[in-house]
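# Residue-level structural notes
Residue-level listing of the chains:
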Amino acid sequence: MVARSVSRFLHGRQGFYLALLLAPPLLWLGTVYLASLFALLAQSFYAIDEFTARVVPELTLKTYRQLVGHPANVDIVLRTVLMAVAVTLASAVIAFPVANYMARHAGPRMKALFYVGVMLPMWTSYLVKVYAWRLLLAKEGIISWALTGLGLQGPLDRLLAVPVVGGPSLASSYIGMFIVFVYMWLPFMILPLAAALERVPQSLLQASADLGARPGQTFRTVVLPLALPGLAAGSIFTFSLTLGDYIIPSVVGAPGYFIGMMVYQQQGTAGNMPLAAAFSIVPIVLIAIYLALARRMGAFDAL
Amino acid sequence: MTDQRKRDASPAIELREASRAFGPVVALDRISLTISPGEFFALLGPSGSGKTTCLRLIAGFDHPDSGQVLLDGVDVTDIPPFERNVNTVFQDYALFPHMNVADNVAYGLRVRGVAAAERRKRALEMLDLVQLESFADRRSTQLSGGQKQRVALARALINQPKVLLLDEPLGALDLKLREEMQTELKSLQQRLGITFVFVTHDQGEALSMANRVAVFNAGRIEQLDTPRALYTRPKTAFVAGFVGSANVVESDLAERLTGRRQAFAIRPELIRIVTNGAPPADHVVTEGVLENILYHGASSRCHVRTGDGAVLAVAQAESGDAAALPAPGTRVRISWPRASAVPLE
């Protein structure tokens, strides 16, 4: 009876009904998420008093001068961006054949198997996976043991001897960190890419071949441009997740700092909230630039 | 020299005993087919009859399990589509959504490495041929169905193929546009003089456009003939019923009506309702109850149930006289010229 009168009341009051549905998520997004984000960002325009270590609530660009003026801070930004770019490129290269197989060639059972296979690792705790990788990549770990067994000790040593990215072991080199990053974010590249490839009609590929394009040409001129929205979506995930992560760089890899670690440290142990806020502005600005570039390249035209 | 002469004399397309099965489903069952250069050829049949598979074998999107495909006398059975001198207009047009109209049309030249300026020039010429030159810089997604169809046509013709394949080319267009395009395709084919092969499930389209029609049923060709021969001399009950409408009279009833135990087909428009006087001597006459009348404008379709329980359709041309037809429920006599009944296999 009550349900019926409620239904009757809502019927014909579309606006009210919509408002009722949208109010909770909008409140959450508006106040809890956006407002606190802006509160954080606003702090980047404050600075801390060097003697008292307390935040002075006065608008200043001092923190930003500190961010871009310190070579060490610039290094951190560059290191993070380079890693994010490398991880994104590698994820795209690895994900493409997998997504292509899932979208175009796999039968229904195989496809389901692949989707589960791609998503299954996400059911495991992120921390467990990172620490597991540290063991896998360790000097006495299974990867180096297997490579030695296969007689590939030499190539591994040469790889680790490469300056900057190498190190005493995979677990304590940027190469190892790169491997873990790619492993972690690969599903986020595969899924949107497979979705984009699935939307490319088979007849377009046939039309391309029909008009004389060899498979390589069809890939470059038809498949790749049409998969661009998926690549863009996937790369936004891999790029931004790498930019913001602070756990992987602190568990695996060389001791150099990353943006996420700086944010964590500055707002935690160092208590320099303005600098932490300024550091967290960096990924936001980078992603904005990246999106603008992707848009100019026409990545969203087909949406 | 002999080589050249042999090529000139060889058919544009030839299928030899081509078979194709998808799992347990036999899509094509030992099809042999010869299409001469310059023919406008239709593959006609209901869905699942194998006509599209046949087209795909010629285009190279699919390969026969056994048998051969020859183009211009050359065995291309294992040659991929991008090495065949055949182009296709797809059912869904398959225009590249990320390119404008001119780039779509020029695609065949682009993949052959033709310079951009030359490509553009020739694409505009092709668009001129299909009266769409002012649309060159539109995106393909902004076109109407009929315009897409023309762009697909221009794109398929730019490589100057010897054979143009059309997969249900007019299926997605509305009736008026379809009739327009039929005329246009036919005149285009005559002007270019290349071989057109098109797939359709619409018998009217096949009859009006093609020089010859292959009627497909369950993976086999039921009959391959000119449109007129298909209509006037169908060989099987399937062809009689699929091409135009026909009354198929089974052998038992045929024996009672004509005295000969031979199934035959008779077109509804050849049967007359005898209202007064005796029918001519060379007519077959029978009686039945006029069950209902469907008015179609140019003609009315009457269903007459004979004493044997068979229902015969009779098409009566509109004469302008409302009293020309008896009322439903009355007994009528119907007749048709003995010679116009087509014996069936």
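This one's a predicted model, so the numbers in the text were calculated from it and none came from an experiment.

Assigned domains within chain A: domain 1 (2–33) and domain 2 (71–302). On a C-alpha basis, the centroid separation for the pair domain 1 of chain A and domain 2 of chain A is 40 Å.

Moving on to the pairing of strand E7 (residues 163–167) of chain B. Residue and element names in this part refer to chain B. E7 sits mainly inside the fold: 5 of its 5 residues count as buried. Judged by which residues are buried, E7 turns out to be covered on both faces: Val163, Leu165 and Asp167 on one side and Leu164 and Leu166 on the other are all buried. Examined bridge by bridge, strand E6 (residues 86–89) and E7 share 4 bridges and lie parallel to one another. Considered in E7, the bridge of Thr88 is made with Leu165. With 5 bridges connecting them, E7 and strand E8 (residues 195–200) associate as parallel partners. Along E8, the bridge assignment pairs Val163 with Thr195. The β-α-β motif built from E7, the intervening helix H6 (residues 175–192) and the parallel element E8 has right-handed crossover chirality.

Residues and elements named next belong to chain B. Pairing within the open sheet is mixed, and its 6 strands lie in the order E6-E7-E8-E3-E9-E10. Either end of the sheet is taken by a strand with one partner, and the two such strands are E6 and strand E10 (220–225). For this sheet the average axis-to-axis angle between neighbouring strands, irrespective of direction, equals 20°. Across the sheet, helix H5 (residues 145–157) is in contact with E6 and E7; its angle to E6 comes to roughly 175°. Along the sheet, H6 makes contact with strand E3 (40–44), E7 and E8, crossing E3 at roughly 135°.

Attention shifts here to the sheet that holds strand E4 (residues 66–71) of chain B. Residues and elements named next belong to chain B. Read across the open sheet, the 4 strands follow the order E2-E1-E4-E5; overall the sheet is antiparallel. Every other strand in the sheet has two partners, leaving strand E2 (25–35) and strand E5 (74–75) as the edge strands with one partner each. Bridge analysis of strand E1 (residues 13–22) against E2 gives 7 bridges, and the strand direction is antiparallel. The residue bridging Arg20 from the neighbouring strand is Leu28, located in E2. This element, helix H2 (residues 51–59), spans E1, E2 and E4 of the sheet and lies at about 120° to E1.

What follows covers the environment of B:Glu269. All names here are of chain B. Its location among the elements puts Glu269 in the loop between strand E12 (264–266) and strand E13 (272–274). In the structure, Glu269 is positioned 116 residues away from Leu153 in sequence and 37 Å away in space, judged by C-alpha atoms. Residue contacts for Glu269: discarding those within four places in its chain leaves Tyr231 and Ala315.

Residue and element names in this part refer to chain B. When the domains of chain B are assigned, the result is domain 1 (2–242) and domain 2 (248–343). One C-alpha centre belongs to domain 1, the other to domain 2; they are set 40 Å apart. With 7 residues of domain 1 at the interface, the matching set in domain 2 holds 7 residues. For the pairing of domain 1 and domain 2, the buried interface totals around 620 Å² over both sides, and the portion due to carbon and sulfur atoms is 46%.

Another aspect to go through is the pairing of E8(B). All names here are of chain B. In terms of burial, E8 is largely enclosed, as 6 of its 6 residues are buried. Burial along E8 is two-sided: the face carrying Thr195, Val197 and Val199 and the face carrying Phe196, Phe198 and Thr200 are both buried. With 5 bridges connecting them, E3 and E8 associate as parallel partners. The residue bridging Leu43 from the neighbouring strand is Val199, located in E8.

What follows concerns helix H2 (residues 14–43) of chain A. In this model, H2(A) (30 residues) spans 41 Å end to end at C-alpha, consistent with the 44 Å of a helix rising 1.5 Å per residue. Within H2(A), the axis deviates most sharply at A:Ala23, by approximately 40°, and proline A:Pro24 lies no more than four positions further along.

Bringing the interface of chain B and chain A into the picture now. Taken together, the contact between chain B and chain A spans 24 residues of the former and 18 residues of the latter. Around 1800 Å² of area is buried between chain B and chain A when both sides are counted, 61% of it from carbon and sulfur atoms. Inspection of the chain B/chain A interface yields 0 salt bridges. Linking chain B to chain A there are 10 residue pairs in polar contact (both at pLDDT 80 or more). Sorting the residues of the side of chain B that touches chain A by element identifies H2, E6, helix H3 (101–110) and H5 of chain B as the ones contributing at least two each.

Residues and elements named next belong to chain B. Counting through the fold element by element, Leu57 comes out in helix H2. Measuring from C-alpha to C-alpha, the distance between Leu57 and Gln68 comes to 9.5 Å, with 11 residues separating the pair along the chain. For Leu57, the contacting residues outside a window of four places in its chain are Ala18, Leu28, Asp62, His63, Pro64, Val69 and Arg84.

This part covers the pattern of salt bridges. Residues and elements named next belong to chain B. Per the counting criterion, the structure on display carries 18 salt bridges over all chains. For the salt bridge of Asp72 with Lys162, the shortest nitrogen-to-oxygen distance reads 2.9 Å. Taken as a pair, Asp72 in the loop between E4 and E5 and Lys162 in the loop between H5 and E7 lie far apart in primary sequence, 90 residues in all. With its nearest N and O atoms 2.9 Å apart, the salt bridge here joins Asp252 to Arg261. The class for Asp252 is partly exposed, based on a relative accessible area of 41%. One salt-bridge network, held together by shared partners, links Arg20, Asp62 and Asp65.

Our next topic: the confidence of the model for chain B. Residue and element names in this part refer to chain B. Looking at chain B as a whole, the pLDDT averages 90, with 97% of positions reaching at least 70. Strand E9 (residues 212–217) holds the highest mean pLDDT among the elements of chain B, 96, whereas helix H1 (residues 2–9) holds the lowest, 52. Here the predicted complex scores 0.80 on pTM and 0.83 on ipTM.

Moving on, we get to the packing of helix H4 (residues 71–105) of chain A against helix H5 (residues 108–119) of chain A. Think of two packed helices as two axes; the pair is described by the angle between the axes and how far apart they sit. Residue and element names in this part refer to chain A. Two elements in contact, H4 and H5, have axes whose closest approach is 9 Å; the angle formed by their N-to-C orientations is 145°. The interaxial crossing formed by H4 with H5 has left-handed handedness. Facing H4, whose interface residues are Val98, Tyr101, Met102 and Ala103, H5 presents Met110, Lys111, Phe114, Tyr115 and Val118. In terms of residue class, the contact of H4 with H5 is built from 8 nonpolar, no polar and 1 charged.

The next subject is helix H13 (residues 259–267) of chain A. What H13(A) keeps buried is the set A:Ile259, A:Gly260, A:Met261, A:Met262 and A:Gln266. Buried positions along H13(A) lie against H4, helix H11 (215–244), helix H12 (247–251) and helix H14 (273–296) of chain A.

Residue and element names in this part refer to chain B. One can find Ser10 in the loop between H1 and E1. The class of Ser10 is buried, set by a relative accessible area of 11%. At 3.4 Å, the side chain of Ser10 and the backbone oxygen of Asp72 are in polar contact. In contact with Ser10, not counting residues within four places along its chain, are Pro37, Asp72 and Gly73.

Thresholds, definitions, all that
- Residues numbered from 1 in each chain as written.
- Chains lettered and ligands numbered in written order.
- Predicted model: local features only at pLDDT ≥ 70, side-chain atom pairs only at ≥ 80, totals over all residues.
- Heavy atoms only, no water.
- Domains from an automatic or database assignment.
- Buried < 20%, exposed > 50% of the residue type's maximum accessible area, 1.4 Å probe, protein only.
- Helix = DSSP H or I, 4+ residues; strand = E, 2+ residues; numbered from the N terminus.
- Pairing = 2+ DSSP bridges.
- Right-handed = clockwise from strand over helix to strand, strands pointing away.
- Axes fitted to C-alpha atoms, helices over the stretch in contact; angles between N-to-C directions.
- Contact = heavy atoms within 4.5 Å.
- Buried area = accessible area lost by both parts, 1.4 Å probe.
- Expected span 1.5 Å × (residues − 1).
- Bend = angle between axes of the 7 residues up to and from the residue.
- Salt bridge = Lys/Arg side-chain N within 4 Å of Asp/Glu carboxyl O.
- Polar contact = N/O pair within 3.5 Å; in protein donor to acceptor, adjacent residues only side chain to side chain.
- pLDDT = per-residue confidence, 0-100.
- Left-handed = near helix turned anticlockwise from the far one by under 90°.
- Nonpolar A, V, L, I, M, F, W, Y, C, P; charged D, E, K, R; others polar.

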